[in-house]
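Survey of secondary and tertiary structure
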Amino acid sequence: MLDLKQLTADVCCIANAIGSFLREERKNFRSEYVVEKCTHDYVSYVDKESEKKLVTALSTLLPEAGFIAEEGSATYNDEPYCWVIDPLDGTTNYIHDNAPYCVSIALRNRDELLLGVVYEVCRDECFYAWKGGKAWLNGVQLQVSEVRDITNSFLIIELPYNDKAYKQTALHLLDNLYGRVGGIRMNGSAAAAICYVAAGRFEGWLEAFIGKWDYAAAALIVLEAGGEVTDFYGNKHFIEGHHIIATNGSIHSLLQNLVKELPPEGLFNH
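If you're wondering where the values come from, they're calculated on a predicted model, not measured in any experiment.

Let's shift gears to the sheet that holds strand β14 (residues 243–247). Spatially, 5 strands are ordered β11-β10-β12-β14-β13 in an open sheet, and the strand pairing comes out mixed. Two strands bound the open sheet, and with one partner strand each, they are β11 (183–185) and β13 (228–231). Going across the sheet, the axis of each strand differs from the next one's by a mean of 15°, ignoring polarity. Bridge analysis of β13 against β14 gives 4 bridges, and the strand direction is antiparallel. Note on β14: the bridge partner recorded for E228 is T247. Against the sheet, helix α5 (residues 190–198) engages β10 (154–157), β12 (204–208) and β14, with an angle of about 155° to β12. This element, helix α6 (residues 212–224), spans β13 and β14 of the sheet and lies at about 135° to β13.

Now the structure itself:
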């Protein structure tokens, strides 16, 4: 039986160490280090090197776990446990020296998330949770916002790289929410954005075309902070999904219903 509380504390230390590496490398970062994986989706040696460091540290911590890793430094071969990691969530922000960007680490078994740690480098904020252990930020317990009225809701509506497939959905959301809600923002890091929902800074967030490494850790943090996470269709078993809604719970059905108003072919083609 895993000691999830202790394991989470150990992962927080690892995430902080990787965050320090990102912070130091940013001081001398140059644009020629960047490679475009696909249109507007970037990677650099910093992503790859930090992922290698993560894999080494986490393999030592829990040798029986495999990996789902954004940059492919390690693999999952049906081990009983699996680390789901993003060494640098918010690469485009990082390239432009813009906040936020994060280290995101989740542990899951074959069925569910067990722990999640997101270290937001720019604000030196470590968000973390383990199953049944509540959600925390630098030692202070988190609770989602109690705002129930959509007109007072502060939302993050991200625009993914897949603009052609997602444009109709994005326009539909903005058309129905802009001017109706308290505010709309985009921050460029799914992991940070979802954690901000857990911290009560925002009432909701949604995005499509994202990888498990983008949302896994932060999703558990929202759930343990009393919020709600599903895929776009309301499925609570979302951990294999690529389209996620995270909210304080009160406005969840509204966002989900907005997405449902579009036919499936109008949502996205993934």
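Read on, since the account is not over.
Next up on the list: the domain arrangement of the protein chain. Along its sequence, the protein chain is carved into domain 1 (4–141) and domain 2 (150–261). Look at where the C-alpha atoms of domain 1 and domain 2 centre, and you get two points 20 Å apart. Interface area for domain 1 against domain 2, summed over the two sides, is near 2,400 Å², with a carbon-plus-sulfur share of 64%. When residues of domain 1 are sorted by the area they lose upon contact with domain 2, D89, L113 and F127 head the list and together hold 22% of the total. Summed over the shared surface of domain 1 and domain 2, the result is 2 salt bridges. The interface formed by domain 1 and domain 2 holds 8 residue pairs in polar contact (both at pLDDT 80 or more) in total. Among the secondary structure elements, those contributing two or more residues to the side of domain 1 that touches domain 2 are β3 (65–69), β4 (81–89), α3 (91–95), β5 (102–108), β6 (113–120), β7 (125–130) and β8 (135–137). With 7 residues, β6 is the largest single contributor of residues to the side of domain 1 that touches domain 2. Taken together, the residues that form the side of domain 1 that touches domain 2 break down as 20 nonpolar, 9 polar and 12 charged.

Restricting attention to buried positions, one finds in helix α7 (residues 252–260) the residues H252, L255, Q256, L258 and V259. Take α7 and look down its axis: the buried residues cluster within an arc of 155°, on one side only.

Moving on, we get to the packing of helix α1 (residues 4–26) against helix α2 (residues 45–61). At a minimum axis distance of 10 Å, the contact between α1 and α2 shows a crossing angle of 160°. With respect to each other, α1 and α2 are oriented roughly antiparallel. Along this stretch, α1 crosses α2, giving a crossing that reads as right-handed. Taking contact as the criterion, the partners of L7, D10, V11, I14, I18, F21, L22 and E25 in α1 are, on α2, Y45, V46, E49, S50, K53, L54, A57, L58 and L61. Its residues assigned to classes, the contact of α1 with α2 comprises 12 nonpolar, 1 polar and 4 charged.

This part takes up the UniProt feature "binding site: Mg(2+)" (unreviewed entry) in the protein chain. When the UniProt feature table is mapped to this numbering, "binding site: Mg(2+)" (unreviewed entry) covers E70, D86, L88, D89 and D214. Separation in sequence by 145 residues is not matched in space for these annotated residues, since their most distant C-alpha atoms are only 9.5 Å apart. Relative to the helices and strands, D86 is located in strand β4. Residue classification places D86 among the buried residues on the basis of a relative accessible area of 1%. Once you skip the residues sitting within four places of it in the chain, D86 turns out to touch E70, C102, V103, S104, W213 and D214. Side-chain polar atoms of D86 contact the backbone nitrogen of L88, separated by 3.1 Å. Its location among the elements puts D89 in strand β4.

The rules behind these values
- Residue indices follow the written sequence of each chain, beginning from 1 at its first position.
- Per-residue local features of the predicted model are confined to residues with pLDDT of at least 70, and side-chain atom pairs are confined, for both listing and counting, to 80 or more; whole-chain, interface and lining totals are unaffected and use all residues.
- The basis for every side-chain value is the complete set of heavy atoms in the structure, and neither hydrogens nor water enter the calculation.
- Between any two strands, at least two bridges found by DSSP are needed for them to pair.
- Numbering of helices and strands starts at the N terminus; helices are DSSP runs of H or I of at least 4 residues and strands are runs of E of at least 2.
- Axis definition: a line fitted to C-alpha atoms, over the contacting stretch in the case of helices. Angles run 0 to 180 degrees between N-to-C directions.
- What makes two residues a contact is simply this: any of their non-hydrogen atoms within 4.5 Å.
- An automatic or database domain assignment is the source of the domain bounds shown.
- When two components associate, each loses some accessible surface as probed by a 1.4 Å sphere; the sum of these losses over both components is called the buried area.
- When a carboxyl oxygen of Asp or Glu lies within 4 Å of a side-chain nitrogen of Lys or Arg, that pair is called a salt bridge.
- For the purposes of these results, a polar contact is taken to be a pair of N or O atoms within 3.5 Å, where, inside protein, one atom must be able to donate a hydrogen and its partner to accept one; residues adjacent in sequence count only when each atom of the pair is a side-chain atom.
- Charged residues are taken to be Asp, Glu, Lys and Arg, nonpolar residues to be Ala, Val, Leu, Ile, Met, Phe, Trp, Tyr, Cys and Pro, and polar residues to be all remaining types, Gly included.
- Relative accessible area decides the class of each residue, using a 1.4 Å probe on protein chains only: under 20% of the type maximum gives buried, over 50% gives exposed, and in between gives partly exposed.
- Directions from the helix axis toward the C-beta atoms define the arc.
- Working rule for angles: under 35 degrees goes down as roughly parallel, over 145 as roughly antiparallel, 65 to 115 as roughly perpendicular, anything else as oblique.
- In a left-handed crossing the near helix is turned counterclockwise from the far helix by less than a right angle, and in a right-handed crossing that turn is clockwise.
- UniProt positions are given in the numbering used here, feature names are shortened, and annotations may be inferred rather than shown by experiment.

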